[in-house]
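Observations on the model geometry
Residues per chain are reported as follows:
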Amino acid sequence: MKINDVVELLKKEGYECVFFGDSERKVEGFSDPSDYRNNSIIWLGDIKYLELKDGQNCSDVALLLCSENFKEKKLFPNVLVCKDPRNAFVRLLELSQKEDELVGIAESAVIDPGTVIGKNVYIGPNCVIGKDVIIGDNSKLMPGCYIEHTKMGNNCVVYPNCVIGMAGFGFRKEKSLVMEPHIGKVILGDDVEVLSGSVIERGSTKDTTIGKGTKLACLTNIGHNVTVGENCQIIGGIMNGFATIGDRSELIRCIVANRIKIGHDVKIGLNSTVVRDIPDNVIAFGSPAKVKGSN
């Protein structure tokens, strides 16, 4: 499409943007700045991330999305200045890749007869839905999921090979180790997404809860009785039993100890180990994690 079409599309989506350059120039797809392909669109927050091949220069970039304070924007022939260039770029990707909506139940899915299934739900091949499950409207369960003892809100997505609602790790000592009973559930709020290979354990004495709009990256382990707030990003790692994570917090490949409380609007850096409570509105990292500044 032409750049003018791209600009108009973003404006219809509600993005604030101003274009400088040749609006008739055609663009063909998208590139990562580290591997630029001619005639494509990129976004940059810092010029250091742009790696051009031999014979390429900034003038070969068909369209750059950037913020107003991007100092090097004058090096590029066609620039779309956006208030939020990263999200504008991602939204363009989403619109270009829009696929047919998944609805229906695969023949190979195994579903307990007591399962409550909402409207426009998709349950993919080889999914197993065990006892005590409610699936909200427009939710999608991708192939190979195992789910039991779970109440799922509307518009949730569970990606392939996730396990939700199994008992967590808890044993008492007798002559041998005996699994402790789990009587809680997993509660997923609306718009929760759980990426591939993740595990969410059901509560032992209370429910394990994932708040509305929260996203869990691949290989995230949520222990029993954990409470995760709304609109969080849990990017892998292990949240141990009874931990509490406040709204809008972001954790990157962290280990959070048992019964730790993490506040609202917190960012915890890569590979941190959290063994003490973390207050609201801070950035913390390290092993053990320590507060390093405000968020």
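Residues numbered from 1 in each chain as written. Predicted model: local features only at pLDDT ≥ 70, side-chain atom pairs only at ≥ 80, totals over all residues. Heavy atoms only, no water.

1. Notes on helix α2 (residues 85–96)
Spacing of three or four residues puts side chains on the same side of an α-helix, whose turn is 3.6 residues. The line we're drawing: Labels follow the DSSP assignment, with helices taken as runs of H or I lasting at least four residues and strands as runs of E lasting at least two, numbered in each case from the N terminus. Take the number of residues in a helix, subtract one, and multiply by 1.5 Å to get its expected span. Classification of residues uses two cut-offs on accessible area relative to the type maximum, computed with a 1.4 Å probe and protein chains only: under 20% is buried, over 50% is exposed, and between them is partly exposed. The directions considered for the arc are those from the helix axis to the C-beta atoms. In what follows, residue pairs with any heavy atoms lying within 4.5 Å of each other are defined as contacts.
End to end, α2 covers 17 Å across 12 residues, agreeing with the expected 16 Å (1.5 Å per residue, within 8%). Within α2, the full set of buried residues consists of P85, A88, F89 and L92. On an axial view of α2, the arc spanned by its buried residues comes to 100 degrees, and they lie on one face. The secondary structure elements touched by the buried residues of α2 are α1 (3–12), β2 (41–43), β3 (63–66) and β4 (79–82).

2. Looking at the pattern of salt bridges
Put simply, the test is: Any Lys or Arg side-chain nitrogen located within 4 Å of an Asp or Glu carboxyl oxygen qualifies as a salt bridge.
Here the structure, examined in full by the defined rule, presents nine salt bridges. R91 is the partner of E94 in a salt bridge, and the nearest nitrogen-oxygen pair spans 3.0 Å. With E94 and R91 both in helix α2 and three residues apart, this pair spans about one turn of that helix. Residue E94 is classed as partly exposed on the basis of its relative accessible area of 45%. The class of R91 is partly exposed, set by a relative accessible area of 24%. The partner of E174 in a salt bridge is R172, with the nearest N and O atoms 3.0 Å apart. What makes R172 partly exposed here is its relative accessible area of 37%.

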